[in-house]
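# Examination of the molecular architecture
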Amino acid sequence: IWKEWREKYPAATEAWLWYRSLMIHGAVKGDDELLSVAKTHKELFIRAAAIEAMAENNSEKLLPFLDELCAGLGELKGIDRIVMTETAARCLYSQAFHYGTDLFRKPAMKLIDMLDDKDTNARTKLVIARYLRETLGGDNLWINAKPWHWKLLNPNKPMPVGDDGK
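Summary of the structure given here. Keep in mind that what you see is a predicted model, and the values were worked out from it rather than measured. (Residues numbered from 1 in each chain as written. Predicted model: local features only at pLDDT ≥ 70, side-chain atom pairs only at ≥ 80, totals over all residues. Heavy atoms only, no water.)

One finds I51, L66, L69, L73, F104, L111 and W148 to be the most contacted residues of the largest nonpolar core, which totals 48 residues. At the level of elements, α2 (15-29), α3 (32-40), α4 (44-56), α5 (62-72), α6 (78-93), α7 (102-113), α8 (122-136) and α9 (145-153) are the ones that each hand at least two residues to this core. The greatest single-element share of this core, amounting to nine residues, is contributed by α4. Here W148 is in contact with I112, L115, A129, L132, R133, L136, G137, N140, L141 and W142, once residues within four sequence places are set aside. (Core = buried A, V, L, I, M, F, W, Y, C linked by side-chain atoms within 4.5 Å. Buried < 20%, exposed > 50% of the residue type's maximum accessible area, 1.4 Å probe, protein only. Helix = DSSP H or I, 4+ residues; strand = E, 2+ residues; numbered from the N terminus. Contact = heavy atoms within 4.5 Å.)

And the structure:
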């Protein structure tokens, strides 16, 4: 019933409806539909809503999907790049309990690399940095990749003295 209802409203402006119904659908029937929508729906905001629903449902398919998504973020342009990068940052944050595992590390490294990509806009870099600070810990809000790579690869260790993240 949720799928039928959702599909009557395929416009991007209905992303909230899709998000809420996909959360319910995923909780009752599993994540296959959510993953399918995240990968194939033509509307950007509905794809993002599906990814967010996977995060909300704590899908075991989320981190492998984020790894795939983050690998292609650098190829996206404009609003697609902004929305998908910021969605990936928020959803990676939702999986912080996997911090220290390869499953988490793979997409995190790729997302962190977006901070040094000249085509990533300043606002998106700030969004990434805020989620990374909450996920990896610390007081600093670096908008370059080096210190975040270090923190990711050295959990619970302080930054080396004199390393200002540059």
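Tallied over the full model, the rule gives four aromatic pairs. Aromatic side chains W16 and Y19 sit 5.2 Å apart centroid to centroid with 35° between the ring planes, which places their arrangement in the tilted category. Pair noted here: W16 and Y19 are both in helix α2, with a separation of three residues, about one helical turn. Its relative accessible area of 59% is what places W16 among the exposed residues. (Phe/Tyr/Trp six-rings, centres within 6.5 Å; stacked < 30°, edge-to-face > 60°.)

The next subject is unusual backbone geometry. For N58, which is not glycine, the phi torsion reads 55° and is therefore positive. The exposure class assigned to N58 is partly exposed, which follows from its relative accessible area of 42%.

Topologically, G26 is positioned in helix α2. Judged by relative accessible area, G26 falls into the buried class, the value being 9%. Separated by 123 residues in the primary sequence, G26 and H149 have C-alpha atoms spaced 33 Å apart. Dropping the residues within four chain positions of it, G26 is found in contact with D31, L34 and N57.

Another aspect to go through is α3. For α3, the set of buried residues is E33, L34, L35, V37 and A38. Buried positions along α3 lie against α1 (2-7), α2, α4 and α5.

A few words on the layout of surface pockets. Computed from the structure, the largest pocket encloses a volume of approximately 160 Å³. As for the largest pocket, its lining consists of A38, K39, R47, F65, E68, L69, G72, L76 and M84. Secondary structure elements with two or more residues in the lining of the largest pocket: α3 and α5. Per-element accounting of the lining of the largest pocket gives the leading share, four residues, to α5. Looking at the lining of the largest pocket, its residues break down into five nonpolar, one polar and three charged. (1 Å grid on protein atoms, 1.4 Å probe; cavity = no way out; pocket = protein on both sides within 12 Å on 5 of 7 lines; lining within 4 Å. Points joined across faces, edges and corners; volume = space filled by probe spheres on them. Nonpolar A, V, L, I, M, F, W, Y, C, P; charged D, E, K, R; others polar.)

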